[in-house]
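What follows is each chain in one-letter form.
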Amino acid sequence: MNRKISEDKDSNFSSSFIFRYLPYWPLFLLLTMLALGGAWFYLKFTTPQYEVNARILIKDEKKGSEDAKALESLDLISPKKTIDNEMEVIQSKTLLTNVVKNLDLYAPVSEEQRFKSISAYSSSPVTIVADSNNMREVAKVYFTADKNSVKIGNKSYLLNEWVDTPYGRLKFKKNIYRTPEETDKKLYFSLIAPKKVASSLASRLKVTAANKMSSIVDLNFTDESPARGEDIVNELIKVYNKSIIDEKNVLASNTLEFINERLARVEDDLVTIEHKLQAYKANKGAVDVDTQGKLFLENVSSNDQKVGDINQKLSVLNQVENSVRSGSLSGGIIPSMAGVDDPSLTQMVKNIYDLQIEAESMRKTTGENNPTYVAVIDQVNKIRPQIMANIQNQKRSLEASRGNISSTNSSYSSVLQALPETQRQLVDINREQSLKSHLYEFLQQKKEETQLSYVSNLFGSKVVDRAEASEYPVSPKKKFAYLSAVLLALIGGFGIVVGKETLRSKVMFQKEIESLTKLPVIGEITAEKSKNAIVIGNNQKTLIAEQFRKLRTTLNYLGIGNKQKRILITSAISGEGKSFVATNLAISLALTGKKVVLVDFDLNNPSLATKLNIHTDQAGVTEYLQGKVSPDTIIAQTSIDENLSFISAGKLPKNPSELIMNGKAEDLLNYLDGIFDYIVIDIAPVGPVSDAYIVSPFCDATLYIVRHGYTPKVFIERIDENNRLNKLTNAAIVFNGVSTRGLGSGYGYGYGYGYGYGYTYDDKKTKSLPALRK
């Protein structure tokens, strides 16, 4: 059961939708054609954009294979990277500006066509290089080119030479993409600040991670020239790798400078000691020492080596302490941690170094106020005190060890005093020489390790897929443009229809009447293109004649019959067709063989006599109410039907409302009751005068006429309120003048609930409805 109700609702919705919008199919067709035409022009004059894609593998310290980490073991001082930071670096304005300068993108060449300009990156015979220090921005500079020169205005410039132009110092080079075919294309070049071009590239570049588990990065770029797009992406990868190598080489250079300075000092010390030893042997004649002196020398040398190791460790610790305290680790001068036995200190120094490198990179790309940058700095500030405390503990331990060794050496020194003076001085010289030699070997080892960083030259990324442009443009998309055009046309059509029919202040739909008042709508009369006041007869089978027959039958709903025969017809304002409805309803009743009288009670603007083609000089309702004539003298027979009689309004009185209230109106209706089967009364509208409210209590039913597209909604809203104050007896509404909907001839789709047949819609005639609709 529920399913059936749901299907009925869907069916009703579909029918209502079709009924409402189908009559406007010419409008929708016109809008669709215009929209499709607009889409065609858009596609014709919009420059196509191609998509360029590339993939690179970032060497992320948190991800990657063991093989990659083994290769990186040769690269001892390269800065560590994370994929998130590197993605920001790739999109940085610094790298993009380098790309712009390397590819000379600040001087694009364009081809001017009839309605637009397109890039001539691949078709231009030349490319332009500008001296950034001597260049001014310019929008368009037209030129022509041959095999050896470029002509701007009346002046020619040779290719592959720096020349001074009104726009700065330029060089014109042959385009590597240029085809040998000669063309007569209209070319011009522009000069744009590299930073502006870099900003434009950044807006069209997307850098995303392939997935969370891998360190592969996808580069997506859009450009109107596929060749230029590929060059830009490939150059960006090249510039990115070069920036990593440059950064690594700076670190290695700083470290080598530090080590070489130490080696130079040690070498000088060794040369001095060698000269001292040779001079001493020559002067003293000392060649060798005895066995006791040798043993003493070995022990002292061993202790001195230990002291040297301790001093070296203290030197490293002091260097690390100074660097950590000053926060200069990110500058690239990183003292070697060789000789430091504490792995926790080594790891903490590595961590703070990595964090400071990461912070420096983020500061350049995201700024110092970025929350991620602030978090990294907080981590650095937490690790720094731990490193300082660890260094102090190790320094105290090393100094204690050095003190113990020095004490041992003191005991050996006392033994030394017992040796001959010559032997003792020789042992001191040999001892000093051994210490410096050991330090020299240590520094040479560290120098070799640092130089390996130069030799390895590992890139920061690996190209997985080189830049490749799409075969077809990704923008604008033809299917999407045409579908969008059709959709916009439909939306525009719906908007026009809704605006035309629902935003108007006049009544357009029967459902609007039902929503504004409780009175039932018992009849619907379509608009008649004919100017005839009478639209119903014995042989007439038109739609409007059938509608009046249907209205005649519907009167039973109001109780109209043998005993209740008085029907009052009124409206809100003049021009709604109450007289037209009264006339044809009376004729419809007369056609059934019943005796019907049509009374023109509109004492303000009577019109029934004109419609019935009856002379208006005879006495009527006015004369009867004034007591001048009897009721039988004002009844006239019509020529339309033998069962239809008519009572005219007579001469218009000065005070119609007061005249109707004198009591004789009810007497007239009582008299007519005894003669006729139906009494149809046409009375003035209720809006301007109160006549209908005076006569309605004497009647059995009241037909309230509402005209489509004419009656203001505000009058319908007031019906129920007015009925509470001045009730219209047994009132019901007749929706009159319902015209076809849409923009052209159709099959009678109207604004009511029915749809007709057998007549057409004449737009020109409906602009001025005939006078019978008053």
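Every residue gets a number counted from 1 within its own chain, in the order that chain's sequence is written. In keeping with the model being predicted, local features are shown solely for residues with a pLDDT of at least 70 and side-chain atom pairs are shown and tallied solely at 80 or more, while totals for entire chains, interfaces and linings include all residues. Values reported for side chains reflect all heavy atoms of the structure, with hydrogen atoms and water molecules removed beforehand.

Draft legend 1. Looking closely at the overall build of the protein chain. What counts as a helix is a DSSP run of H or I of at least four residues, what counts as a strand is a run of E of at least two, and both are numbered from the N terminus. The helix and strand tally for the protein chain stands at 23 helices and 21 strands. For the exposure calls, accessible area comes from a 1.4 Å probe over protein chains only, and a residue counts as buried if that area is under 20% of its type's maximum, exposed if over 50%, partly exposed in between. Relative to its full complement of 774 residues, the protein chain shows a buried share of 45%. In this description, contact between two residues means that some pair of their heavy atoms is separated by no more than 4.5 Å. Considering only residue pairs separated by 6 or more positions, the protein chain has 79% of its internal contacts joining residues 24 or more positions apart.

Draft legend 2. Main features of the side chain of Ser-645. Within the secondary structure, Ser-645 is located in strand S18 (residues 644-647). Accessibility expressed as a relative area gives 6% for Ser-645, which makes it buried. Setting aside residues no more than four positions away along its own chain, Ser-645 makes contact with Val-596, Val-597, Leu-598, Ile-635, Ala-636, Gln-637, Thr-638 and Phe-676.

Draft legend 3. Inspection of the nonpolar core at higher detail. By size, the foremost hydrophobic cluster in this structure holds 55 residues, and its most contacted members are Leu-105, Ile-152, Phe-172, Phe-189 and Leu-219. The element best represented in this core is helix H7 (residues 226-284), accounting for 8 residues. When sequence neighbours within four positions are dropped, the list of residues in contact with Leu-219 reads Val-52, Asn-53, Ala-54, Ile-56, Ile-90, Lys-206, Val-207, Val-233, Leu-236 and Ile-237. What we call a nonpolar core is a set of buried Ala, Val, Leu, Ile, Met, Phe, Trp, Tyr and Cys residues that are connected through their side-chain atoms within 4.5 Å. Within the second largest apolar cluster, 41 residues are counted, among which are Ile-513, Val-597, Ile-683 and Leu-728.

Draft legend 4. Region of interest: the pairing of strand S16 (residues 596-600). Here S16 lies mainly inside the structure; 5 of its 5 residues are buried. Side chains of S16 alternate between two faces, with Val-596, Leu-598 and Asp-600 and Val-597 and Val-599 buried alike. DSSP-based pairing: two strands are paired if at least 2 bridges between them are found. By the bridge criterion, 4 bridges tie S16 to S18 in an arrangement that is parallel. Among the inter-strand pairings, Val-596 is bridged to a residue of S18, identified as Leu-644. Here S16 runs beside strand S19 (residues 678-682); their pairing, made up of 5 bridges, is parallel. Counted as the bridge partner of Leu-598 is Val-680 from S19.

Draft legend 5. Quick look at the sheet that holds strand S9 (residues 168-174). Taken in spatial order, the 3 strands make up an open sheet running S4-S9-S8, and their pairing is antiparallel. In this open sheet, the two strands that pair with only one neighbour each are strand S4 (126-135) and strand S8 (162-165). In this sheet, adjacent strand axes meet at a mean angle of 35 degrees when their direction is disregarded. Pairing geometry for S8 and S9, over 4 bridges, is antiparallel. Each bridged residue has a counterpart across the sheet, and for Asp-164 the counterpart in S9 is Arg-169. Note on geometry: axes are lines fitted to C-alpha atoms, helical ones only across the stretch in contact, with angles between N-to-C directions running from 0 to 180 degrees.

Draft legend 6. Representation of the sheet that holds strand S5 (residues 138-145) within the structure. Spatially, S3-S2-S10-S5-S6-S7 is the arrangement adopted by the 6 strands of the open sheet, whose pairing is antiparallel. Single-partner strands in this sheet number two, and they are strand S3 (117-119) and strand S7 (155-158). Shown here is a sheet whose adjacent strand axes are inclined to one another by a mean of 40 degrees, direction ignored.

Draft legend 7. Local environment of the packing of aromatic side chains. Whether two aromatic rings pair depends on their centres lying within 6.5 Å, for rings of Phe, Tyr and Trp, where Trp uses its six-membered ring; planes under 30 degrees apart make the pair stacked, over 60 edge-to-face, and the rest tilted. Per the stated rule, a full pass over the model turns up 9 aromatic pairs. Aromatic pair Tyr-167 and Phe-189: ring centres 6.4 Å apart, planes at 90 degrees, arrangement edge-to-face. Note that Tyr-167 is positioned in the loop between S8 and S9 and Phe-189 in strand S10 (residues 187-191), a separation of 22 residues in sequence. The burial state of Tyr-167 is the same as that of Phe-189; both residues are buried. Arranged with centres 5.7 Å apart and planes meeting at 70 degrees, the rings of Phe-548 and Phe-580 form a pair that is edge-to-face. Note that Phe-548 is positioned in helix H14 (residues 543-554) and Phe-580 in helix H15 (residues 578-590), a separation of 32 residues in sequence. Here Phe-548 and Phe-580 have matching classes, each one buried. Through pairs of rings, three or more aromatic residues link up here, namely Phe-143, Tyr-157, Tyr-167, Phe-172 and Phe-189. Placement of a positive charge over a ring is assigned whenever Lys NZ or Arg CZ falls within 6 Å of the ring centre and within 35 degrees of the normal to the ring plane. One Lys or Arg, Lys-186, reaches over the ring of Tyr-142 and ends 5.1 Å from the middle of that ring.

Draft legend 8. Highlighting the confidence of the model for the protein chain. As a per-residue measure, pLDDT tells how confident the predictor is, with possible values from 0 to 100. For the protein chain, mean pLDDT is 80; residues scoring 70 or higher make up 81% of the total. Considering each helix and strand of the protein chain separately, the mean pLDDT is smallest for helix H23 (residues 763-766), with a value of 34, and largest for S19, with 96. In the model, residues 64-76 has pLDDT below 50 throughout and makes 15 contacts with residues more than four positions away in sequence or in other chains. Counted against residues more than four places away or in other chains, residues 753-774, with its pLDDT under 50, gives 53 contacts.

Draft legend 9. Molecular detail of helix H19 (residues 664-673). Along H19, the positions that sit buried rather than exposed are Ala-665, Leu-668, Leu-669 and Leu-672. Projection of H19 onto a plane perpendicular to its axis shows the buried side chains occupying an angular sector of 95 degrees, all on one side. This arc is taken over the directions from the axis of the helix to the C-beta atoms.

Draft legend 10. Spatial organisation of unusual backbone geometry. Of note, the bond from Ser-475 into Pro-476 is cis; its omega dihedral lies within 30 degrees of zero at -5 degrees. For Asn-160, which is not a glycine, the phi torsion comes out positive at approximately 60 degrees. Structurally, the position occupied by Asn-160 is in the loop between S7 and S8. A residue is classified by how much of its surface remains accessible, and Asn-160, at 49% relative accessible area, is partly exposed.

Draft legend 11. How the structure looks around the packing of helix H5 (residues 93-102) against helix H6 (residues 194-203). The N-to-C vectors of H5 and H6 enclose an angle of 115 degrees; their axes lie 8 Å apart at closest approach. Taken together, the axes of H5 and H6 lie roughly perpendicular to each other. Note on packing geometry: the crossing formed by H5 with H6 is right-handed. Counting all contacts with H5, which are made through Lys-93, Leu-96, Thr-97, Val-100 and Lys-101, the residues of H6 involved are Pro-194, Val-197, Ala-198, Ser-199, Leu-201 and Ala-202. We call Asp, Glu, Lys and Arg charged. Ala, Val, Leu, Ile, Met, Phe, Trp, Tyr, Cys and Pro are nonpolar, and the rest, Gly among them, are polar. Residues that form the contact of H5 with H6 fall into these classes: 7 nonpolar, 2 polar and 2 charged. Should an angle fall under 35 degrees it is called roughly parallel, over 145 degrees roughly antiparallel, and 65 to 115 degrees roughly perpendicular, with every other angle called oblique. Left-handed is the label given to a crossing in which the near helix is rotated counterclockwise from the far helix by less than a right angle, and right-handed is the label when the rotation is clockwise.

Draft legend 12. Quick look at the pattern of salt bridges. Basic side-chain nitrogens of Lys or Arg form a salt bridge, by our definition, when they fall within 4 Å of a carboxyl oxygen of Asp or Glu. According to the stated counting rule, one finds 14 salt bridges in the structure shown. The shortest N-O distance in the salt bridge between Asp-218 and Arg-55 comes to 2.6 Å. Of this pair, Asp-218 sits in strand S12 (residues 216-223) while Arg-55 sits in strand S1 (residues 50-58), and the two are 163 residues apart along the sequence. For Asp-218, a relative accessible area of 23% translates into the label partly exposed. A relative accessible area of 30% places Arg-55 in the partly exposed class.

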